[in-house]
Amino acid sequence: VGGWKGTLLSGILPVEFEGEKQREEPTLALALVIDKSGSMSSEDRLALVKEAARATARTLDPGDEIAVIAFDSKPSVLVRLQKAAARFRISSDIRR
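Here the residue numbers are simple positions, counted from 1 along each chain's written sequence. At least 70 in pLDDT is required for a residue's local features to be given in this predicted model, at least 80 for side-chain atom pairs to be given and counted, and no such filter applies to totals for whole chains, interfaces and linings, which use all residues. Hydrogen atoms and water are omitted, and side-chain values are computed over all heavy atoms in the structure.

### Notes on the packing of helix α2 (residues 45–59) against helix α3 (residues 87–95)
Part 1 of the reasoning: Here, axes are lines fitted to C-alpha atoms. For helices the fit covers the stretch in contact, and angles between N-to-C directions go from 0 to 180 degrees. Numbered from the N terminus, helices here are DSSP runs of H or I no shorter than four residues, and strands are runs of E no shorter than two. For the pair α2 and α3, interaxial distance at closest approach is 9 Å and the crossing angle is 165°. One finds that α2 runs roughly antiparallel with respect to α3. At the point where α2 passes α3, the crossing takes the right-handed sense. Contact residues: α2 offers K50, A53, R54, A57, R58 and T59, while α3 offers R87, I90, S91, I94 and R95.
Part 2 of the reasoning: Gly is placed with the polar residues, together with every amino acid not listed as nonpolar (Ala, Val, Leu, Ile, Met, Phe, Trp, Tyr, Cys and Pro) or charged (Asp, Glu, Lys and Arg). Here the residues of the contact of α2 with α3 sort into four nonpolar, two polar and five charged. By the definition adopted for this analysis, an angle is roughly parallel if under 35 degrees, roughly antiparallel if over 145, roughly perpendicular if from 65 to 115, and oblique otherwise. Less than a right angle of anticlockwise turn of the near helix away from the far helix marks a crossing as left-handed, whereas a clockwise turn marks it as right-handed. Pairs of residues are marked as contacts when any of their non-hydrogen atoms sit within 4.5 Å.

What follows is the structure, encoded as structure tokens:
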């Protein structure tokens, strides 16, 4: 940093001239919970919600994680928590 590493000055001062180590960007873990009860059956609401969920999954970075849970009287896991890189499988699971 600053070009001081290895100079006479770097040997005299009680500080290190090592550069900052590369930081890893934090990843996102997203869980989508979809209502599939009878109230969602009118006017293709469920189809719109599924398309919104698939679009959301497409916007994630490959290292991010996503899970999708559908519920009516009880929850069911459509997509277990996994890396968003498996886009085709995630989209297929949401579509069904």
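From this point on, the discussion continues.
### What about the pattern of salt bridges?
Oppositely charged side chains are able to pair whenever their charged atoms sit close together.
Part 1 of the reasoning: Salt bridge, as applied in this entry: a Lys or Arg side-chain nitrogen positioned within 4 Å of an Asp or Glu carboxyl oxygen. Taken as a whole, this structure holds three salt bridges when the rule is applied.
Part 2 of the reasoning: As a salt-bridge pair, E51 and R54 come within 2.5 Å of each other at their nearest N and O atoms. Placement of both E51 and R54 in helix α2 is noted, with a separation of three residues, approximately one turn of the helix.
Part 3 of the reasoning: Judged by relative accessible area, which is 33%, E51 ranks as partly exposed.
Part 4 of the reasoning: Exposure categories follow from relative accessible area, calculated using a 1.4 Å probe and restricted to protein chains: below 20% of the type maximum is buried, above 50% is exposed, and the middle band is partly exposed. Given a relative accessible area of 12%, R54 falls into the buried group.
Part 5 of the reasoning: Members of the salt-bridge network, linked through shared partners, are E51, R54 and R58.

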